[in-house]
Amino acid sequence: MTDISLEKEQKIADELERTFPNLTARVRRARRVMASLEKELIPSVLVHAKDNLGFHHLSHMSVVDWIEDEHFEMVYTLWNHEKRVQLTIKTMISRDNATMANIDTIWRQANTYQREMREMFGIEFPGFVGEKDFLLEDWDEMPPMRRDFDTMEYANKTYFSRPGREDAQDVRDTISKRNGEEVPDFAKKYSREK
Amino acid sequence: MAFFDIKGLVNPLSTLKQFGNKPHTVEYPKKHKETADRYRGLHFNDLEACIGCGNCSTICMNEAIDMIHLDNIEGSEGDSGLRPRVDNGRCCWCALCVEVCPTGSLNMTKQDIFISSDADAFLWTPGVSNPEGKDILSFTSDEKTSLSLFDRVPMPEMEGEERVKSFAETMLYYTEEAAREEASRCISCSLCTEVCPDHMHIPEYINAIARGEDEDSIRIIYDNNPLGEMCGKVCTRRCEDVCALQVRGDAVAIRWLKEYAMSRAETADILKEIVNPDIQPANGKKIGIVGGGPAGLTAGYYLALKGFDVTIFEANEYAGGMVMYGIPKYRLPMDSLNKQIDYMKSIGVKIQFNTKVGKDISFDDIYKNHDAVFVGVGFQKPYNIGIDGEEANGVIPAVSLLFDVNSGKTPDLGHKVVVIGGGNVAIDGARVSRRLGSEVVIMYRRRVEDMPADWEEIEGAEVEAVDIMPQTIPIEIISDENNKVTGIKYLKAEMKADAGGGRPRPVPIEGSEAIMEVSTVIGAIGQEADYSFLSDEYMNKIEINRGRMVVNDQQQTKDPKIFAGGDAVNRTADAISAIADGYRAVKAIEKWLMK
Amino acid sequence: MREKATTLYLGPQHPGITGNMMVKLKVEGDTIQSASTHVGYLHRGFEKLMERRNWLQSFTILCRICVPEPDPNEENFARAVESIEGREVPERAKWIRAMVLELARIGTYLLWFAGQSGSAGLYTMGQWSIGDRDYILDLFEELTGGRIYHMYIWPGGVRRDLPKGFKDKVLQTMDYLEKRLVQYDKLMFDNTIFQKRAKGIGWIDPAKAIEWGVVGAPLRAAGIASDVRKDDPYEIYDKLDFELGHATTSDVWGRSQVRRFEIEQSINMVRQIMDKMPEGEYYNRIPNPMKWEVPPGEAYVKTESARGEFGFYVVSDGSNKPRRVHVKGPAYVHAVTLLEDLLKGANISDVSFIMNSLGTCPPEIER
């Protein structure tokens, strides 16, 4: 059964907030603590969590593109084997000339994640050594995991479709044509997705 | 571990024992292992059951399914005429197409092997390419497993006992939450738009509701229907009969959703602000409209938007025609209708009330003083019941009763009312009579399931304790010495198959004659038009056939200056058809006058 | 004569490599001086694709992230969405999911038997265990309609209930596999050749294992009793009685022992599940899939796959499509930084042997 008491989680959150005044931490549920803070403090928080709080395992590192806000959200997920608590640490970095501290000196497997983030999102990690090509080869387009990279457009531009499907019809068009129904332009965004 | 580890050398040799065992493999291709009952093999589509809604094609993220025309399948009401074709080279056999197929026509089969060196051979039209597939259906969907949402969000209604105490609306209508949920059931196939006489943009306005954009929904409704709220409450909603979900479940509540959207605009001013129509500058052309019913109002509204100078001549105190005077207020409150009409007036539609054409103004005047005339006079004159004793006091046509009640009168119908007929007017007459304090019986010649009235209206009557007597044929109205109705004589009928292949006919049962004591008889057999306002000259110009004005597909009569629409023209005789007529006439009038 | 260093490209098409990837080796003689992992042959952009598919459409490509064991992907995604949305999952569905996951684990371990022994030259073992794995695939075919790609665990529960007579078939298969394990032991684990190849090879420093991101059987072989099913129980794993695999040596031999033990545990767990599974609903239906919007939120969920902690980071911005789905398979660490390290000083002939022992699965590195 899940623990009803969230004591150990709260302790971790409190300890983090005490140590880093600009950090906000909250307990999301049993075994889940989430902290967010400014980008500059990330390496020190990670080192502190690893060395002093027992979060030895880097479960995951991720980045989310919030293009509307012109931010990337960096997400570090740590696990404490002893206390069995997951700590998620998040920060926002500017999407423009995105840079983030290199942490592969703290966890060397972060090297792989950072290679991927550099390649797929265009985030630079100053001082970081790692082979340039990871999943892609000779790629000179926009980093493809950015939200503004249009996969469909790229596919249409790069590949061709096999002929034989030109007779495909749209149900909505077929029916409105048959009845002389004129769907006004402003309504079309509510028509069925094509 | 010693180097000569006996166990480690001998034990592996035990495998040699396996030589004597029966092999686990099957001898393919001599033997073919049969696939499991749920195997997701190649598709099969039941072409008869398929309605071409295209939901399979929409869900398929591999773009493996195209909707195409087939030679021997024509589109019809409730069927787009298209059928899915699967590119098996793109398919990933996830079978989501099966899960979202509303009719259950598309399924997977046990066929798991198909080999060809020709890439085009992988384009299959399931059902055409593999007719044998129907016998090896494998992964199928039923009502329980399907991802189609077959259950309608229930409509809150007033309790039956409360209802008959007043003329308050019986439907309590969807809340925002319920409307969003109901709207999100729609699969946007648009089969409904074909059946709607006015071809309203149904999937669009429903999806706008689903996305929380109620104002867009109103604007989409107003694109071709200026009486959306009225339709939201009382439309005959044939759209729902062809809803893709109705094949295996409940149709989307298209009518109630329209009501929901329109009710967001609480006043005419708000409505104007939301619709914010583009009104063209005056073009100097005058249009006269005879009759302020749905057809006339629709024509008037869109003509006014296009810059025409529009005057509607309305015989009564209020506009709306049959929907104002023929529909009980518990279904369509006066405020609701007046709000929609006030909005029309605010954008420039002029309405002359209490102006009966032929009495207060002559048709000739209108004809001569306008560049075009639209006639939307409807069917006002009730048919007689056609049985003995009909001239007695206490025999009232339903439309007259409704007119009186809607005009504010409260006629005394006595303790017991019998309503004759099975259409919406009959049900309206019955339910109004219940509200006037009488016991009510409906006599209908055929079975309940044959009644032309809306099923929700029939249910409403039942909830309000109206006694429906199906297969009952009235034969005589009995009255006392003062010519006051006292009873009705009737026969019970049995349904006999029609020799000509038509629907079963009621045949009176001999000796079943009985008399019921009643105080009022209400006839609801139907109505016809009253053309007494037209002089012989115009009667000759406009061709009238079997009581209906003859028009071309542009609503134009034989006199090119006269356009007509509504019940006096179309056979469907409902409000939405009248609106459609009005809308069509607008385009025609514009084309004719502005060429 | 002095030996000169040379570069050897192992893969991307190589029978000893589990999937399409390449290990670039700098060798002197047959001793590896340094190794680096090169991937990119399998990148299909699933994560990006999911951003333009709606939530339900996304579910169908997840399984393709791991061919031998697709189910943790499905389970993770479903649980992440459920967690963001707060969607209830019927109790029976949770038991069915655990059954699927354990069957998948058995199937994957059987495939691993083949890879591990095959890379040591014991081909008979591979023929047996892959043949036996087909009995698990038969069960999947019957349950889900697909042998490899099940597309069965989806948000809200599972897609279909157990078919009639399924329980008996599962139990029969478990009995059969249990008997086969004895024969596997004789052929593989008792085999002097296998023992000589496996012992002392691919040693992972237990003191560094956690920090290096080692998970799953390799971590347990390093003496650290860690398993997501125990540490952070999901579905109904807190209601099952099972032990974790353990070993005395943090090498290929130890990792093999862990897996050998756990296959037995999984057989036992499947039996418990079949015994305790409650009746009831198996699915809490989602809204109309084309209009299904998941409220804004995020979740990092993980399962214990046959290769270790398998994580999914899912973010919703409130729309009908995922904002971000980030998949982290164990091989992301095992087959890159860890493998590169373990190969230093190893013999060329041990490369695929070590790779197999780490559960290398290239598609989860690149997705």
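Below is a summary of the structure that appears in this document. Keep in mind that this is a model prediction, so the values were computed, not measured.

1. Points about the overall build of chain B
So, point 1. The helix and strand tally for chain B stands at 20 helices and 23 strands.
So, point 2. Computed over its C-alpha atoms, the radius of gyration of chain B comes to 31 Å, more than 25% above the 25 Å expected for a compact globule of 595 residues.
So, point 3. If one aligns the C-alpha atoms of chain B with their principal axes, the spans along those axes are about 125 × 70 × 50 Å.
So, point 4. When the 595 residues of chain B are sorted by exposure, 58% land in the buried category.
So, point 5. Taken as a whole, chain B presents about 25,400 Å² of accessible surface, with 49% of it coming from carbon and sulfur.
So, point 6. Charge centroids of chain B, computed over 65 positive and 92 negative side chains, lie 3 Å from each other.

2. Brief notes about the sheet that holds strand S6 (residues 297-305) of chain C
All names here are of chain C.
So, point 1. The 3 strands are arranged S6-S7-S8 in an open sheet whose pairing can be described as antiparallel. On the outer flanks of this sheet lie S6 and strand S8 (322-328), each paired with one strand and no other. On average, each strand axis in the sheet is tilted by 15 degrees relative to the strand beside it, whichever way the strands run.
So, point 2. Across 6 bridges, the pairing between strand S7 (residues 308-316) and S8 is antiparallel. Residue pairing for S8: Val-315 is matched across the bridge by Arg-324.
So, point 3. Across the sheet, helix H3 (residues 71-85) lies against S6, S7 and S8, angled at about 150 degrees from S6, the strand it touches most.

3. Looking at the packing of aromatic side chains
So, point 1. For the structure on display, the rule yields 35 aromatic pairs over all chains.
So, point 2. On the numbers, 5.9 Å between centres and 70 degrees between planes, the contact of A:Phe125 with A:Phe128 is edge-to-face.
So, point 3. Under the relative-accessibility criterion, A:Phe128 is labelled buried at 10%.
So, point 4. Taken together, a centroid distance of 5.2 Å and an interplanar angle of 35 degrees make the contact between C:Trp154 and C:Tyr283 tilted. Of the two residues, C:Trp154 is situated in strand S4 (residues 153-154) and C:Tyr283 in the loop between helix H10 (252-276) and S6; the sequence distance between them amounts to 129 residues. You'll find C:Trp154 and C:Tyr283 in the same group, each marked buried.
So, point 5. Pairwise contacts between aromatic rings join C:Trp112, C:Phe113, C:Tyr184, C:Phe189, C:Phe194, C:Trp253 and C:Phe353 into one cluster.
So, point 6. Residue placement shows B:Lys561 over the ring face of B:Tyr367; its charged tip is 4.5 Å from the ring centre.
So, point 7. Over the face of the ring belonging to C:Trp253 we find C:Lys199, whose NZ or CZ atom lies 4.6 Å from the ring centre.

4. Considering the interface of chain B and chain A
So, point 1. Contact residues are listed per partner, giving 43 residues for chain B and 26 residues for chain A.
So, point 2. On the surface where chain B and chain A come into contact, there are 18 residue pairs in polar contact (both at pLDDT 80 or more).
So, point 3. Of all the secondary structure elements, the ones that give two or more residues to the side of chain B that touches chain A are helix H2 (55-59), strand S2 (65-69), strand S3 (82-87), helix H6 (191-195), helix H7 (202-210) and helix H8 (214-221) of chain B.

5. Overview of the nonpolar core
So, point 1. Membership of the largest hydrophobic core comes to 192 residues, with the highest contact counts inside it found for A:Ile89, A:Ile123, C:Val23, C:Met99 and C:Phe113.
So, point 2. Broken down by element, the residue count for this core peaks at 13 residues, all from helix H4 (residues 91-118) of chain C.
So, point 3. Split by domain, this core shows at least three residues from each of two domains, domain 1 (43-136) and domain 2 (160-274) of chain B.
So, point 4. Apart from the residues within four sequence positions on either side, C:Met99 is in contact with C:Leu143, C:Leu162, C:Phe166, C:Ile273, C:Met274 and C:Met277.
So, point 5. Residues B:Val153, B:Cys231, B:Ile347 and B:Ile579 belong to the second largest nonpolar core, which totals 87 residues.

6. Examining the environment of B:Ile289
All names here are of chain B.
So, point 1. Checked against the element boundaries, Ile-289 lands in strand S6 (residues 286-290).
So, point 2. Residue class for Ile-289 comes out buried when judged on its relative accessible area of 0%.
So, point 3. Expressed as a C-alpha distance, the spacing of Ile-289 and Ile-312, which sit 23 residues apart in the sequence, is 4.6 Å.
So, point 4. For Ile-289, the contacting residues outside a window of four places in its chain are Gly-296, Ala-299, Gly-300, Val-310, Thr-311, Ile-312, Phe-313 and Phe-374.

7. A word on the interface of chain B and chain C
So, point 1. In this assembly, 49 residues from chain B lie in contact with 46 residues from chain C.
So, point 2. Together, the buried faces of chain B and chain C total about 3,700 Å²; carbon and sulfur atoms form 53% of this surface.
So, point 3. On the surface where chain B and chain C come into contact, there are 5 salt bridges.
So, point 4. Put simply, C:Glu281 and B:Lys144 hold a salt bridge, and the shortest N to O gap is 3.0 Å.
So, point 5. Remark: the boundary between chain B and chain C carries 28 residue pairs in polar contact (both at pLDDT 80 or more).
So, point 6. Only helix H1 (6-10), H2, helix H3 (96-100) and H7 of chain B provide two or more residues apiece to the side of chain B that touches chain C.
So, point 7. Of the residues belonging to the side of chain B that touches chain C, the class tally is 22 nonpolar, 17 polar and 10 charged.

8. Thoughts on H3(C)
Residues and elements named next belong to chain C.
So, point 1. Counted at 1.5 Å a residue, the expected span for H3 with its 15 residues is 21 Å, and the 21 Å between its end C-alpha atoms agrees.
So, point 2. Of all 15 residues that make up H3, 14 are buried, and the element is covered over most of its length.
So, point 3. Backbone geometry just after H3 places Gly-86 at a positive phi near 75 degrees.

9. Points about the sheet that holds strand S14 (residues 467-469) of chain B
Residue and element names in this part refer to chain B.
So, point 1. Taken together, 5 strands build an open sheet; the order of strands is S11-S19-S12-S13-S14 and the sheet is parallel. For this open sheet the edge positions go to strand S11 (395-397) and S14, each flanked by a neighbour on one side alone. Averaged over all pairs of adjacent strands, the angle between their axes in this sheet comes to 25 degrees, without regard to strand direction.
So, point 2. Pairing between strand S12 (residues 416-420) and strand S13 (residues 439-443): 5 bridges, direction parallel. Each bridged residue has a counterpart across the sheet, and for Lys-416 the counterpart in S13 is Glu-439.
So, point 3. Of the strands in this sheet, S11 and strand S19 (520-523) touch helix H16 (residues 398-406), which is tilted by about 80 degrees from S11.
So, point 4. Set on the sheet, helix H17 (residues 424-435) makes contact with S12, S13 and S19; between it and S13 the angle comes to about 165 degrees.

10. A closer look at the packing of helix H12 (residues 294-305) of chain B against helix H20 (residues 575-593) of chain B
All names here are of chain B.
So, point 1. Axis separation between H12 and H20 bottoms out at 7 Å; the angle between their running directions is 35 degrees. Seen from above, H12 lies across H20 with right-handed handedness. Contacts between H12 and H20 involve Pro-294, Ala-295, Thr-298, Ala-299, Tyr-302 and Leu-303 from the first element and Ala-575, Ala-578, Ile-579, Gly-582, Tyr-583, Val-586 and Ile-589 from the second.
So, point 2. A breakdown of the residues in the contact of H12 with H20 according to their chemical character gives 11 nonpolar, 2 polar and no charged.

11. Some words on the packing of H4(C) against H10(C)
Residue and element names in this part refer to chain C.
So, point 1. Viewed as axis vectors pointing N to C, H4 and H10 meet at an angle of 150 degrees, and their least axial separation amounts to 9 Å. The orientation of H4 with respect to H10, classified from their angle, is roughly antiparallel. Crossing of H4 over H10 shows left-handed handedness.
So, point 2. When the residues that make up the contact of H4 with H10 are grouped by side-chain class, the tally is 16 nonpolar, 4 polar and 6 charged.

Rules used in this analysis
Residues numbered from 1 in each chain as written. Chains lettered and ligands numbered in written order. Predicted model: local features only at pLDDT ≥ 70, side-chain atom pairs only at ≥ 80, totals over all residues. Heavy atoms only, no water. Helix = DSSP H or I, 4+ residues; strand = E, 2+ residues; numbered from the N terminus. Rg over C-alpha atoms; globule rule 2.2 N^0.38 Å. Buried < 20%, exposed > 50% of the residue type's maximum accessible area, 1.4 Å probe, protein only. Areas by Shrake-Rupley, 256 points an atom, 1.4 Å probe, with all protein chains shown as cover. Lys, Arg positive; Asp, Glu negative; His and termini not counted. Charge placed at Lys NZ, Arg CZ, Asp CG, Glu CD. Pairing = 2+ DSSP bridges. Axes fitted to C-alpha atoms, helices over the stretch in contact; angles between N-to-C directions. Contact = heavy atoms within 4.5 Å. Phe/Tyr/Trp six-rings, centres within 6.5 Å; stacked < 30°, edge-to-face > 60°. Lys NZ or Arg CZ within 6 Å of the ring centre and 35° of its normal. Polar contact = N/O pair within 3.5 Å; in protein donor to acceptor, adjacent residues only side chain to side chain. Core = buried A, V, L, I, M, F, W, Y, C linked by side-chain atoms within 4.5 Å. Domains from an automatic or database assignment. Buried area = accessible area lost by both parts, 1.4 Å probe. Salt bridge = Lys/Arg side-chain N within 4 Å of Asp/Glu carboxyl O. Nonpolar A, V, L, I, M, F, W, Y, C, P; charged D, E, K, R; others polar. Expected span 1.5 Å × (residues − 1). Left-handed = near helix turned anticlockwise from the far one by under 90°. Parallel < 35°, antiparallel > 145°, perpendicular 65-115°, else oblique.

Don't take any of this as a statement about function, it's just geometry.
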